[in-house]
Amino acid sequence: KNEVEQSPQNLTAQEGEFITINCSYSVGISALHWLQQHPGGGIVSLFMLSSGKKKHGRLIATINIQEKHSSLHITASHPRDSAVYICAVLNTGTASKLTFGTGTRLQVTL
Amino acid sequence: NAGVMQNPRHLVRRRGQEARLRCSPMKGHSHVYWYRQLPEEGLKFMVYLQKENIIDESGMPKERFSAEFPKEGPSILRIQQVVRGDSAAYFCASSPGILNTGELFFGEGSRLTVL
């Protein structure tokens, strides 16, 4: 079993829909990152969370440390949101080594 | 303020040749990370460096792979005697501090193809 599991693996949505991507992890962590990988391959960091909730534009990320679970929400989805969304955790006891989920491939259609 | 710069973006090598991938972190960032993404697989940590020091290389294959981050110049990931299984995208990232304090900034990646 992977230390970081994401669901769903693939997601298709229509423009305007509310989207939720889930990340569950099995280890103790000090931080969790959400990343976006564009179709061209480039990677952008969306959020770094250690507790609670963060919001940036139409994106919201939450984390529940007790339940070892994080969610990434996209409100009013748009075709330009189509990308792979990757959850990565920083295990306690390491300052550097991220462990990545396998990603959720999102396709938003008109 | 330029982002993380990686070059080359694409590199083709024949089996047995050497591949050198370069990464210039964002200005002011002294923490550099290398990750590998094999085709249809997730990202995997390879190595974490600070200026002139390898801090954590637990993700590096034991042979043929090495990394450095000299006092002057970019970080280099070097793969000697490449094999087909080394074909992958190699991403570099940098941060201003350790990873539980802030964001991570990625380069566009270097895509290595071994013929």
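Rules and cut-offs
Residues numbered from 1 in each chain as written. Chains lettered and ligands numbered in written order. Predicted model: local features only at pLDDT ≥ 70, side-chain atom pairs only at ≥ 80, totals over all residues. Heavy atoms only, no water. Helix = DSSP H or I, 4+ residues; strand = E, 2+ residues; numbered from the N terminus. Rg over C-alpha atoms; globule rule 2.2 N^0.38 Å. Buried < 20%, exposed > 50% of the residue type's maximum accessible area, 1.4 Å probe, protein only. Contact = heavy atoms within 4.5 Å. Buried area = accessible area lost by both parts, 1.4 Å probe. Salt bridge = Lys/Arg side-chain N within 4 Å of Asp/Glu carboxyl O. Nonpolar A, V, L, I, M, F, W, Y, C, P; charged D, E, K, R; others polar. 1 Å grid on protein atoms, 1.4 Å probe; cavity = no way out; pocket = protein on both sides within 12 Å on 5 of 7 lines; lining within 4 Å. Points joined across faces, edges and corners; volume = space filled by probe spheres on them. pLDDT = per-residue confidence, 0-100. Pairing = 2+ DSSP bridges. Axes fitted to C-alpha atoms, helices over the stretch in contact; angles between N-to-C directions. Disulfide = S-S within 2.5 Å.

Caption draft 1: Summary view of the overall build of chain A. Looking only at helices and strands, chain A has zero helices and 11 strands in total. Helices and strands appear in chain A in the N-to-C order β-β-β-β-β-β-β-β-β-β-β. Over its C-alpha atoms chain A spans a radius of gyration of 13 Å, differing by no more than 12% from the 13 Å that the globule rule assigns to 110 residues. Based on the C-alpha atoms only, the size of chain A along its principal axes is roughly 45 × 25 × 25 Å. Here chain A holds 110 residues, and 49% of them are scored as buried. For chain A, the proportion of contacts with a sequence separation of at least 24, taken over those separated by at least 6, is 54%.

Caption draft 2: Just the interface of chain A and chain B, in detail. Listed by partner, the interface residues are 19 residues for chain A and 21 residues for chain B. When the two sides are added together, the surface that chain A and chain B hide from each other amounts to roughly 1,700 Å², 62% of it contributed by carbon and sulfur. The largest per-residue losses of area from chain A upon contact with chain B belong to I43, S96 and F100 of chain A, which jointly make up 31% of the total buried on that side. Taken together, the connections running from chain A to chain B amount to zero salt bridges. Of all the secondary structure elements, the ones that give two or more residues to the side of chain A that touches chain B are strand 4 (29-37), strand 5 (43-49), strand 9 (83-91) and strand 10 (98-100) of chain A. When residues of the side of chain A that touches chain B are assigned to their parent elements, the largest contribution, five residues, is made by strand 4 of chain A. Residue classes in the side of chain A that touches chain B are distributed as nine nonpolar, nine polar and one charged.

Caption draft 3: How the structure looks around the pattern of salt bridges. Residues and elements named next belong to chain B. Following the criterion strictly, the structure yields five salt bridges over all chains and no others. The closest approach of N and O atoms between R20 and E18, which form a salt bridge, is 2.8 Å. Salt bridges here are not isolated pairs; linked through shared partners, they connect E18, R20 and R78.

Caption draft 4: The layout of surface pockets, seen in detail. Each pocket or cavity is described by its volume, and for the largest pocket that value is around 670 Å³. Looking at the largest pocket, it is lined by 31 residues, and the ones nearest its centre are V84 and R105 of chain A together with Q37, E40 and E41 of chain B. Those elements that provide at least two residues to the lining of the largest pocket are strand 9 and strand 11 (104-109) of chain A together with strand 9 (88-95) and strand 11 (110-114) of chain B. No other element matches strand 11 of chain A, which puts four residues into the lining of the largest pocket. Tallied by class, the residues present in the lining of the largest pocket amount to 11 nonpolar, 16 polar and four charged. Of the voids in this model, the second largest pocket is the one considered here, and its volume is about 210 Å³. Residue lining of the second largest pocket: 13 residues in total, with N2, T99 and F100 of chain A together with L43 and K44 of chain B positioned closest to the centre. Going through the elements one at a time, strand 10 of chain A together with strand 5 (43-50) of chain B are the ones with two or more residues in the lining of the second largest pocket. Here the lining of the second largest pocket is built from residues that sort into five nonpolar, five polar and three charged.

Caption draft 5: Molecular detail of the confidence of the model for chain A. The predicted model of chain A averages 93 in pLDDT, with 99% of residues at 70 or higher. No element of chain A has a lower mean pLDDT than strand 5 of chain A, at 92, and none a higher one than strand 8 (residues 69-74) of chain A, at 98.

Caption draft 6: Spotlight on the sheet that holds strand 1 (residues 5-7) of chain B. Residue and element names in this part refer to chain B. With antiparallel pairing, the four strands of this open sheet are ordered in space as 1-3-8-7. The two strands at the open ends of the sheet, each matched to only one other strand, are strand 1 and strand 7 (65-68). Each strand axis lies, on average, 15° off the axis of its neighbour in the sheet, ignoring direction. Note: strand 3 (residues 19-24) against strand 8 (residues 75-79), five bridges, orientation antiparallel. Following the sheet pairing, R22 is matched in strand 8 by I76.

Caption draft 7: Structural context of the state of the cysteines. Enumeration over the complete set of coordinates arrives at two disulfides over all chains. The partner cysteine of C23 of chain A in its disulfide is C87 of chain A, sulfur to sulfur 2.0 Å. Between C23 of chain A and C87 of chain A, the S-S dihedral sits near -60°, and the bridge is therefore left-handed. Of the two residues, C23 of chain A sits in strand 3 (residues 19-25) while C87 of chain A sits in strand 9, which places them 64 residues apart along the sequence. Accessibility classification places C23 of chain A together with C87 of chain A in one group, the buried group. The disulfide partner of C23 of chain B is C92 of chain B, and the gap between their sulfur atoms is 1.8 Å. Residues C23 of chain B and C92 of chain B are joined through a disulfide that is left-handed, its torsion about the S-S bond being -55°. Of this pair, C23 of chain B sits in strand 3 while C92 of chain B sits in strand 9, and the two are 69 residues apart along the sequence. As far as the burial class goes, C23 of chain B and C92 of chain B line up, both buried.

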